[in-house]
Amino acid sequence: MSLAEIIPHQLQSNIDHIIDHIEPAVSLTDAEKKTYLIKIKHLLKQKNAVMIAHYYVDDELQALAEETGGYVSDSLDMASFGAQHNASTLVVCGVRFMGETSKILSPQKTVLMPTLKAECSLDLGCPINEFSHFCNQYPDHEVVVYANTSVEVKARADWIVTSSNAVQIIKHLMTQGKKIIWGPDRHLGQYINNKTGADMILWQGHCVVHNEFKRYELEALMRKHPDAEVLVHPESPEPVIAKADFVGSTKQIIAAGQVSKAQTLIIATDYGLFYKMKQVVPDKLLIPAPTSDKSATCKSCAHCPWMAMNTLVNLYEALRGEYNTIEVDEEIRQKALIPLNRMLDFSRQTGILTAGDA
Ligand code: 13P
Ligand code: SF4
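Residues numbered from 1 in each chain as written. Chains lettered and ligands numbered in written order. Predicted model: local features only at pLDDT ≥ 70, side-chain atom pairs only at ≥ 80, totals over all residues.

### A short note on the overall build of the protein chain
Going by this rule: Helix numbers and strand numbers start at the N terminus; a helix is a DSSP run of H or I with at least 4 residues, a strand a run of E with at least 2. Radius of gyration: over C-alpha atoms. The globule rule applied is 2.2 Å multiplied by the number of residues raised to the 0.38 power. By the convention adopted here, residues are in contact when the distance between their C-beta atoms, placed from the backbone, does not exceed 7 Å.
On a plain count of helices and strands, the protein chain comes out with 16 helices and 13 strands. Relative to a compact globule of 358 residues, whose C-alpha radius of gyration would be 21 Å, the protein chain shows 20 Å and is just as compact. Each principal axis of the C-alpha atoms in the protein chain carries an extent, and together these give about 55 × 55 × 40 Å. Long-range pairs, those at least 24 residues apart, make up 67% of the contacts in the protein chain between residues at least 6 apart in sequence.

Here you go:
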């Protein structure tokens, strides 16, 4: 395995700058929340719209999606659900790459989001020109990119993967003797490389949320709870993954928690996941993995600052005015559709994505 260039300092400080300037969401009284919920439910019906939310958005948005016949899941299922649903408008509550993925798969539908400013550090850390230049240096490599990328980067890829299927897809490519360019998440890439031994070159992006989990503090927590099981998302750093009893996507973490015999679960992913986790294992003690070390460096502190930008207020406004629609250039969409369908077909054929999922 060899490494791509380190993410340029300027690019990283741009990402930090964007995070530092995210405006905190306005807090609502219970009465205001109730009013928004009534109005949003009415608009969803009126506009033949369905909500598709990621596990990391606020509890009230997840609850609303479920209550109104929408869907809450990981990025793989979100992609598939929107394409199969018969609503004419998909309201994607998550981050922009999720809205774009829905639009790539459903160009005839209106795809809108509460805010188009909800980014992802992986997407921001993998600009198309730099990534394409990097790929061009290895023309004999298969380009495999994580779903957390722009539509342009997807269009440059041979395969798209999510945390749910990345290991299996890389193993599949290994059986064909392929060498791999992997982008953008270096931790997920490293994890896959350790699991498979694939010949991989890694782009050096990271998720600002998972990158903050700390091994030493996790070990201290594990000593306090020696019977706890540790469930970790593979966007976390290698030393944290090394401590895990289970590593998987958000949906897989929930499933692992459900079958676990442990009474206490330590969970290393965005705390938005705790909403669903509490529903499925109400009797277990759920503990977030630590993000701060003694120097308290965490910026995101186990909650994605961009996921947190989705609110009842901007959801209502976007739906009412049909604002914040996702538009994708048709030529690029056609190109991105190829690796995306490749991933979905593979996931269906291998049973990773089942008919019941979406
Ligand atoms: P999952 O695919 O595990 O949901 O993770 C995607 C992600 O990073 C959401 O931010
Ligand atoms: Fe991106 Fe990380 Fe936020 Fe997911 S949690 S959207 S990977 S920044």
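On we go from here.
### What to know about the site of ligand 2
Formally: Whether a residue is near a molecule or strand depends on its C-beta atom, generated from backbone atoms, being within 6 Å of that molecule or strand. Just so you know the grouping, Ala, Val, Leu, Ile, Met, Phe, Trp, Tyr, Cys and Pro go in nonpolar, Asp, Glu, Lys and Arg go in charged, and all remaining residues, Gly too, go in polar.
Around ligand 2, 14 residues are found, and the nearest of them are Val95, Cys120, Cys207, Val209 and Cys304. Among the residues making up the shell around ligand 2, the classes are represented as 10 nonpolar, 2 polar and 2 charged.

### Notes on the packing of helix 5 (residues 96-105) against helix 16 (residues 330-349)
Geometry of a packed helix pair, given as the angle between the helix axes and the separation of the axes. The cut-off we apply is this: Note on geometry: axes are C-alpha line fits, over the in-contact stretch for helices, and angles between N-to-C directions span 0 to 180 degrees. The scheme is simple: roughly parallel for angles under 35 degrees, roughly antiparallel for over 145, roughly perpendicular for 65 to 115, oblique for anything else.
Where helix 5 meets helix 16, the closest approach of the two axes is 9 Å, and the angle between their N-to-C directions is 95 degrees. Judged by the angle between their axes, helix 5 and helix 16 are roughly perpendicular. Residue-level inspection shows Thr101, Ile104 and Leu105 of helix 5 in contact with helix 16, the latter providing Arg333, Ala336, Leu337 and Leu340.

### Description of the pairing of strand 6 (residues 141-146)
Here is the rule: Our exposure labels follow a C-beta count within 10 Å of each residue's own C-beta, placed from the backbone: buried means 20 or more other C-beta atoms, exposed means 12 or fewer, and partly exposed covers the counts in between. At least two bridges found by DSSP between two strands is the condition for calling them paired. The handedness rule is simple: strands pointing away from the viewer, and a clockwise path from the first strand over the helix to the second, make the crossover right-handed.
Counting buried positions over the 6 residues of strand 6 gives 5, a clear majority of the element. By the bridge criterion, 5 bridges tie strand 6 to strand 8 (residues 179-183) in an arrangement that is parallel. Across the sheet, residue Val143 finds its bridge partner in strand 8, namely Ile181. Sheet analysis places strand 6 next to strand 7 (residues 159-161), joined by 3 bridges and oriented parallel. Pairing of Val144 across the sheet is with Trp159, part of strand 7. Viewed along the sheet, the connection from strand 6 through helix 8 (residues 151-156) into strand 7 turns out right-handed.

### As for the environment of Leu312
Relative to the elements of secondary structure, Leu312 occurs in helix 15 (residues 312-321). In contact with Leu312, not counting residues within four places along its chain, are Leu28, Lys33, Tyr36, Leu37, Ile40 and Glu60.

### Regarding the sheet that holds strand 4 (residues 89-93)
Strand order across the open sheet formed by 4 strands is 3-2-4-5, with parallel pairing between neighbours. The two strands at the open ends of the sheet, each matched to only one other strand, are strand 3 (71-73) and strand 5 (110-112). Direction aside, neighbouring strands of the sheet carry axes that sit 20 degrees apart on average. Note: strand 2 (residues 49-54) against strand 3, 3 bridges, orientation parallel. When the sheet's bridge partners are listed, Ala53 is paired in strand 3 with Val72.

### What to know about the environment of Cys304
Checked against the element boundaries, Cys304 lands in the loop between strand 13 (285-288) and helix 15. The sequence separation of Cys304 and Gly272 amounts to 32 residues, and the corresponding C-alpha distance is 8.7 Å. Discounting residues that sit within four places of it in the chain, Cys304 has contacts with Tyr56, Val209 and Asp270.

### Things to note about the domain arrangement of the protein chain
Where we set the bar: An automatic or database domain assignment supplies the residue ranges for each domain.
According to the domain assignment, the protein chain contains domain 1 (2-7 + 123-204), domain 2 (14-121 + 306-337 + 351-357) and domain 3 (210-288). Computed from C-alpha atoms alone, the centre-to-centre distance between domain 2 and domain 3 is 26 Å. The interface of domain 2 with domain 3 comprises 10 residues on the first partner and 8 residues on the second. Sorting the residues of the side of domain 2 that touches domain 3 by element identifies helix 3 (59-67) and strand 3 as the ones contributing at least two each.

### As for the packing of helix 4 (residues 75-84) against helix 5
In plain terms, the rule: Note on convention: the crossing is left-handed when the near helix lies turned anticlockwise from the far helix by less than a right angle, right-handed when the turn is clockwise.
Between helix 4 and helix 5, whose axes approach to 9 Å, the crossing angle comes to 40 degrees. Helix-helix and strand crossings are classified by hand; for helix 4 and helix 5 the assignment is right-handed. Between helix 4, through Ser75, Met78, Ala79, Gly82 and Ala83, and helix 5, the contact on the second element is made entirely by Met98, Thr101, Ser102 and Leu105. Its residues assigned to classes, the contact of helix 4 with helix 5 shows 5 nonpolar, 4 polar and no charged.

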